[in-house]
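Structure at a glance
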Amino acid sequence: TTSSSSAAVIDFRSDTVTLPSAAMLERMTLSPLGDDVMGADPTVSLLETTLASTFGKAAGLFFPSGTMSNLCGIMSHCHGRGSEVILGSNSHLCIYEHGNLSTLGSIHSRQIQENADATLPLDEVKKAFREDDPHYPRTDLVCIENTHNVLGGRAIPKSYVDDAADVCSELGVPLHIDGARIMNSCVAHGTPPSAMAEKAASVSVCLSKGLGSPVGSVLVGSEEIIYKARRMRKACGGGMRQAGVIAAAGLYALENNVERLAEDHARAAIVAEGMGKQGWKVEWDGVRTNLVFFSLPEGCGMSPDEAVALGKDEGVLFGGGYSGGGRMRIACHMHITDEDAERA
């Protein structure tokens, strides 16, 4: 089954646990294929041009994962020795991508603490920027994350993205958006993707989170950036042959699963309200989306690991171990029903 509500277990661990629907599987089976490494898969090409157009960019490139999409996108901006990228110290890029900017990209990361609303303080970005001096790495890029995972699934508005891009322009560097859940942000703010990313040089868009595709991300940007990213993708082993099989799922997701993200947001609000009434310390200020972060009530007498284990015993799966272990997370997705949200 593809619905957690029809089973004993409700899986809130991540919005990546969803399974393809029958209609998505049919689209995957029937779509035309070719060798994409040779540029001959029409379904991959359609996905790339569709997302590029959606975000108002010249070109797109399909990747097997968001981690590789981010890496190759950033390497396309920071392609010289001694490059540095400014990013948030709580960002997915900083914490959860194996330090690949340095280990694979030879890129130094300049990490700054985010504001409580998940934005980078732009005055600190300016202070962190380094001119071309042989003593220092050279700042070549600024990265933001929208929505921001660790800081609560907060949806960053277009006004801030534009302000960040304007600061980058003043400094003479581009802005890259880690947009693993950027469609959630667009839906939450009622902002078209092309407007949200208008001033960004590149965006990595994940298809396998709330959109429900089984795999894949697309990097969008200028023709030059995508040309460089294609070379980087080859170097990382990310070239795929008849990849239209999985690109078709991404197309189906874009056509059918974007607007329904609002349902995930509404169910997350139900979860947050219910847990708050039960005494959990719930983080739910600002513009939130499908992620609910929470911690244990005072004096409950159990550890976060024990809470996760107890939830599993009760048939409710959720994630733990965030921010040193004290925070836990519930992620709502297309398999979660209103009844599931109430039960949590």
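Our structure is the block above this text.
1. A closer look at the pattern of salt bridges
By the definition in use, this model includes 21 salt bridges. Asp285 serves as the salt-bridge partner of Arg154, at 2.9 Å between the closest nitrogen and oxygen. Linking Arg154 in the loop between strand S5 (138-145) and helix H7 (158-171) with Asp285 in the loop between strand S9 (281-283) and strand S10 (291-295), this pair joins segments that are 131 residues apart in sequence. With relative accessibility at 10%, the residue Arg154 sits in the buried group. Overall, the relative accessible area of 45% leaves Asp285 in the partly exposed class. Among the ionic contacts, a cluster of salt bridges with common partners joins Arg154, Asp285 and Arg288.

2. With respect to the packing of aromatic side chains
Aromatic rings considered in pairs are described by the distance between their centres and by the relative angle of their planes. Using the criterion set out here, one finds 3 aromatic pairs in the structure. With a centroid separation of 5.4 Å and 90° between ring planes, the pair formed by Trp280 and Phe294 is classed as edge-to-face. With Trp280 in the loop between helix H12 (261-277) and S9 and Phe294 in strand S10, this residue pair connects regions lying 14 residues apart in the sequence. Three or more aromatic residues link up through ring pairs in this structure, and these residues are Trp280, Phe294 and Phe318.

3. Looking at the pairing of S5
The element S5 is extensively covered by neighbouring structure, given that 7 of its 8 residues are classed as buried. Across 4 bridges, the pairing between strand S3 (residues 83-88) and S5 is parallel. Residue pairing across strands places Glu84 opposite Thr139, the latter belonging to S5. For S5 and strand S6 (residues 175-179), the ladder comprises 4 bridges, and the chain directions are parallel. Opposite Cys143, over in S6, you have His176 as the bridge partner. Tracing the backbone out of S5, into H7 and back to the parallel element S6 gives a crossover that is right-handed.

Quick notes on the rules
Residues numbered from 1 in each chain as written. Predicted model: local features only at pLDDT ≥ 70, side-chain atom pairs only at ≥ 80, totals over all residues. Heavy atoms only, no water. Salt bridge = Lys/Arg side-chain N within 4 Å of Asp/Glu carboxyl O. Helix = DSSP H or I, 4+ residues; strand = E, 2+ residues; numbered from the N terminus. Buried < 20%, exposed > 50% of the residue type's maximum accessible area, 1.4 Å probe, protein only. Phe/Tyr/Trp six-rings, centres within 6.5 Å; stacked < 30°, edge-to-face > 60°. Pairing = 2+ DSSP bridges. Right-handed = clockwise from strand over helix to strand, strands pointing away.

Interpretation note: all reported values are geometric properties and have no functional meaning in isolation.
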